[in-house]
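Geometric and topological summary
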Amino acid sequence: MDQLIIPFVYEKLIILKGAESAMIEGNYNIYIVILSIIISILASFSALNIAAKISNASGRGRWFWLFAGALVMGSGVWSMHFFGMLAFHFHALVKYDVGLTLLSMLASVASSFIAFYITMPRDINKLRLAIGGFIMGSGIVAMHYVGMKAMIMSFEISYDKTLWIISALIALGASYAALFLFLKFRNRSTSNWLKWISAVVMGFAICGMHYTGMKAARFHYDSSMVMKHSQAMDFFLLYGVTVAIFLILFISWGAMFFDRHVLEKLAFQDAITGLPNRNDMNRFFYTYVGDESIGVMFLDLDRFKAINDTLGHDIGDLLVHEVGNRLRKFIRRDQQVFRIGGDEFLIVIKHCSLEQAEQLAQKILQSMKEVYRIKGNELYVTGSIGISIGSIKESDRSELLKAADTAMYKAKGLGKNQYCVYTDEMGIKEVRKMELEKDLLHALEQNQFYMVYQPKWNVKTDKLCGFEALIRWNHPRLGIVLPGEFIPIAEETGLIIPMTTWVLEEACRQCKSWGTKGFTQPISVNLSARLFETDQLAELILNVLGKTCLEPNLLELEITESMFFNDINDIIRQLEIIRNMGVRISMDDFGTGYSSIGLLDRIPIDALKLDRLFTVDIDHPSKRAIVHAIILMAEKLHLDVIAEGVEQQDHIDKLNELGCYVVQGFFYGKPMRDEKISQYMKEVLQFA
């Protein structure tokens, strides 16, 4: 058989009457036309999926998805054109110029790349959309007519101007529609059926442009031209291009599948809880464009570190896993839960009111405090929640998160196992805290600290029996800042260590100076738990005593009960070394922190200091009974008892009756600077 007969393919040769030229009308193979439409739809669907990656990715990943999207969209449009050309049959020999064919594909891919790049930012205006649509549409028009120019055949082409303009308008309209749909769906990971509908609309629009452009073409030859008939359709070329195009689509879909089900899971899913992680939280706030009010809830587990330290990190991880399971039931279409740290979780509620946020916080707290049974352990864990409500416009995303974090710490400060709603007052305090933290770094270098000394009095002998050294901060702008405000900041940042070193040296130097003037009185200095963590406290004390030449028995170090919640044995070891030097140890604020009564016989101390809350309520029988019990216990353990916060003679009388003879408070003197101490001592000795 000399020729292959193709079904649905025939030709008509129209001889223009009275002319020397003839016009040829080709016909279409319906199967290949359908194939070209399918390819156009598949390419559109792939491009819609990749569009989300272009705007959500960052760094090199964004450029990868930008090139991938342009390649899929551009090659999809080009391949649709190519198949449309193969579907158009003249039963005449047609070849293609390789250079122009590649140039047509480059025009399609390049215009798609530029259009995607222009519309890549998350927030774009109508002008950017118009420019992007114009560039993509122009690229499609250029691709089509350069591809037509690439045809090498024995006749010439002319165009119907009206149909040419209509085809160009269709290309521009299809491009605008494509970009609009890209922008609409790029932040959606669901609604695949909507994407398919959009892909079908885009596919038919692109095909409409091509076949309108083909309708505008007029193929004609004159009598001098010789028609060369082809023997058969090049099926190898048809199948080869089909496989190549489907390979491109397969690769793009494979990349999307790998990204969504493998890389997405690794990058945006927490390994322990299976919840979205901090990366996914950042992506949510970066891509979300709604202006409605949302609620942000910052959840932090209470005493999680203690469980990790005592039971091990394996138990801690299992606990976090169980917490994640309990929080998972609060996930809704308008609510999402993220794990953003070790024991920190973030809950985001869309269209949220204050009442709704508070109700959800109560439910979460109730769920958190139910018993956890993990590997034979019954764990009781509570949580603290901070709530902030507002919009997440680009300018206030970080403020919204920071506000929730601030409110969470406020909830912890109020006693844990509760929620707290952010207020402007908290924001003012947070700004002040940040300023103090920043300025604290330079306060020591610029000599902004100074010392004050509060006297201790023995009511039994009616004599002065020592001073407590207290640090103050004279801030150059804020004035006097009390220790209760800056000491916690110093402990958080670690600045408490050089600060305490300075206090020790200054107090010991001052105590030595009093001795040279004939006023020998012991001095006490408060210690932070952070100093015990260095394991160099004993060496520090020894160096300070040697540097100031102060006798060890004139120095007293005050510790707190909360220190013994950490490594008890190590702290006891360090205290024994210091006490063996001859330095006295007292426990400050006894009875207000973690109970250490069971350890009193082990802890190497010399005195207990009763917090002022016992003193101010000494009139109450219950408080008197507690103070009396502490004093009796101290006597059995050969410990002194010192009462703080004494401001009235009545306090002194009742404490004296109970057996507490050493007191400290405003009644005997407020904290004084060095220049007033000498005068105070002279007055004390005069009336002694």
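Before reading on, note that the structure itself is shown above.
Figured I'd write up the structure that's included with this text. For every chain, the first residue of the written sequence is number 1, and numbering continues from 1 onward in sequence order. Local features are withheld for residues below a pLDDT of 70 in this predicted model, meaning they are given only at 70 or higher, and side-chain atom pairs are given and counted only at 80 or more; totals for whole chains, interfaces and linings count all residues. No hydrogens and no water enter the side-chain calculation; it runs on all heavy atoms of the structure.

1. Description of the overall build of the chain
- Note on conventions: DSSP H or I runs of at least 4 residues are helices, E runs of at least 2 residues are strands, and numbering of each starts at the N terminus. The helix and strand inventory of the chain stands at 22 helices and 24 strands.
- The proportion of buried residues among the 688 residues of the chain is 48%.
- What makes two residues a contact is simply this: any of their non-hydrogen atoms within 4.5 Å. Pairs at least 24 apart in sequence give 74% of the contacts found in the chain among residues at least 6 apart.
- Each accessible area is a Shrake-Rupley estimate made with a 1.4 Å probe; only the visible protein chains count as cover when residues are assessed. Accessible area of the chain: about 34000 Å², with a carbon and sulfur share of 58%. For the exposure calls, accessible area comes from a 1.4 Å probe over protein chains only, and a residue counts as buried if that area is under 20% of its type's maximum, exposed if over 50%, partly exposed in between.

2. Focus on the nonpolar core
- Nonpolar cores were defined as sets of buried Ala, Val, Leu, Ile, Met, Phe, Trp, Tyr and Cys residues, with membership established by side-chain atoms within 4.5 Å. Residues Phe-467 and Leu-555 are the most contacted members of the largest nonpolar core, which totals 78 residues.
- Counting residues per element, this core draws most heavily on helix 15 (residues 496–516), which supplies eight residues.

3. With respect to a nonpolar patch on the surface
- Any residue with relative accessible area above 30% and no salt bridge may belong to a patch, with like charges joined within 9 Å and the nonpolar Val, Leu, Ile, Met, Phe, Trp and Tyr side chains within 5 Å. The working definition used for a salt bridge is a side-chain nitrogen of Lys or Arg within 4 Å of a carboxyl oxygen of Asp or Glu. A cluster of nonpolar side chains, contributed by Ile-30, Tyr-31, Ile-34 and Ile-38, occupies part of the molecular surface with about 380 Å² of accessible area.
- Among the secondary structure elements, Tyr-31 is positioned in helix 1 (residues 30–56).

4. With respect to the pairing of strand 19 (residues 523–526)
- We treat two strands as partners when DSSP finds at least two bridges between them. Sheet topology note: the strand 17 (residues 463–475)/strand 19 ladder contains two bridges and is parallel. Opposite Glu-468, over in strand 19, you have Ser-524 as the bridge partner.

5. Regarding the state of the cysteines
- The term disulfide is used for any two cysteine sulfur atoms that are within 2.5 Å. Under the definition given, this model contains zero disulfides.
- Just so you know, Cys-511 is unpaired, no disulfide at all, and the nearest cysteine sulfur is the one on Cys-508, 7.0 Å from it.
- For Cys-511, a relative accessible area of 2% puts it in the buried group.

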